[in-house]
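Structural features, examined
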Amino acid sequence: MKKILVLFFCLIFHNISNAQIHEIGVFLGGSNYIGDVGKTTYVDPNKLAFGVLYKWNKSPRHSYRFSYMQSTIAANDLDSDVPARVQRGYRFENDIKEFSAGLEFNFFDFNLHEELKKKVTPYVYSGLTYFIYNELFVLNGETKFDYRSSTFAIPMIVGVKSNVFENIVLGVEVGARYTFTDNLDGSLPKNNNLEPLKFGNIHSKDWYVFTGFTITYTFGEKPCYCSD
């Protein structure tokens, strides 16, 4: 079994090394949260977000994308335009560390091997995200740490990118994550002893959003797109 796995990964690495083009780079921007505390604005980055990403370009129209990103998400009821939230006055911070894998689709051909030609294309990305965060609860108006936890999210990213220099691609994107938890803010603690402390809409999940720039370096031999 071990020999089969080694052979499998060797074949994958050989195909990636000799038949495709790759991108590796960084993400830098900001994050915001959407849920039961603070503002209801969908895109309003207020904390630094950063990460690294890798793309395996299978064709001029689609790529497999893998990334690691992290940020602190935060919200304060006093910043909200909802009077009931302002009166309540809750606030929180939570640390997010996410791993994501999925498919990036280009609306226009983005063939990086066409020399001296600048390419610009909008793109969308989705897949599956696994992230680590803090389970919280609110006691006497103060948000407290319960334990470290993890769950999944569905990323929905839209952006625009261009090969601004040789081997350098610059992109700008906004990416919302629909999470499988309603307790990024401490509104729905899972600990049974904290059941009376629940608040907010218990029938909707929390979201967080990363907005920023990607800068990637391209490398690898010219792929045979005609075979895809």
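Our subject is the structure that appears above.
Rules used in this analysis
- Residues numbered from 1 in each chain as written.
- Predicted model: local features only at pLDDT ≥ 70, side-chain atom pairs only at ≥ 80, totals over all residues.
- Heavy atoms only, no water.
- Helix = DSSP H or I, 4+ residues; strand = E, 2+ residues; numbered from the N terminus.
- Buried < 20%, exposed > 50% of the residue type's maximum accessible area, 1.4 Å probe, protein only.
- Lys, Arg positive; Asp, Glu negative; His and termini not counted.
- Salt bridge = Lys/Arg side-chain N within 4 Å of Asp/Glu carboxyl O.
- Polar contact = N/O pair within 3.5 Å; in protein donor to acceptor, adjacent residues only side chain to side chain.
- Contact = heavy atoms within 4.5 Å.
- Pairing = 2+ DSSP bridges.
- Axes fitted to C-alpha atoms, helices over the stretch in contact; angles between N-to-C directions.
- Phe/Tyr/Trp six-rings, centres within 6.5 Å; stacked < 30°, edge-to-face > 60°.
- Lys NZ or Arg CZ within 6 Å of the ring centre and 35° of its normal.

What follows is about the side chain of glutamate 23. Checked against the element boundaries, glutamate 23 lands in strand β1 (residues 21-34). Summary of buried charges: glutamate 23 has no salt-bridge partner, and the nearest side chain of opposite charge, lysine 55, is 4.3 Å away. At 3.1 Å, the side chain of glutamate 23 forms a polar contact with the side chain of asparagine 57. Side-chain polar atoms of glutamate 23 contact the side chain of threonine 216, separated by 2.7 Å. When residues no more than four places from it in sequence are discounted, the contact partners of glutamate 23 are Leu53, Tyr54, Lys55, Asn57, Leu112, Val169, Thr216, Tyr217 and Thr218.

The strand order around the closed barrel built from eight strands is β1-β2-β3-β4-β5-β6-β7-β8, with neighbouring strands paired in antiparallel fashion. Looking at each pair of strands side by side, their axes are set apart by 20 degrees on average, direction ignored. Taken together, the 13 bridges between β1 and strand β8 (residues 207-219) define a ladder with antiparallel strand orientation. The residue of β8 that forms the bridge with histidine 22 is phenylalanine 219.

Turning our eyes to something else, we now look at the packing of aromatic side chains. Each aromatic ring pair is specified by the distance between its two centres and by the angle formed by the two planes. Taken as a whole and assessed by the stated rule, the structure comprises 14 aromatic pairs. A centroid spacing of 5.9 Å and a plane angle of 70 degrees characterise the contact between phenylalanine 105 and phenylalanine 107, whose relative ring orientation is edge-to-face. For phenylalanine 107, a relative accessible area of 41% puts it in the partly exposed group. Lying over the aromatic face of tyrosine 125, arginine 65 brings its terminal NZ or CZ to 4.8 Å of the ring centre. The side chain of lysine 161 reaches across the aromatic face of tyrosine 123, ending 5.2 Å from its centre.

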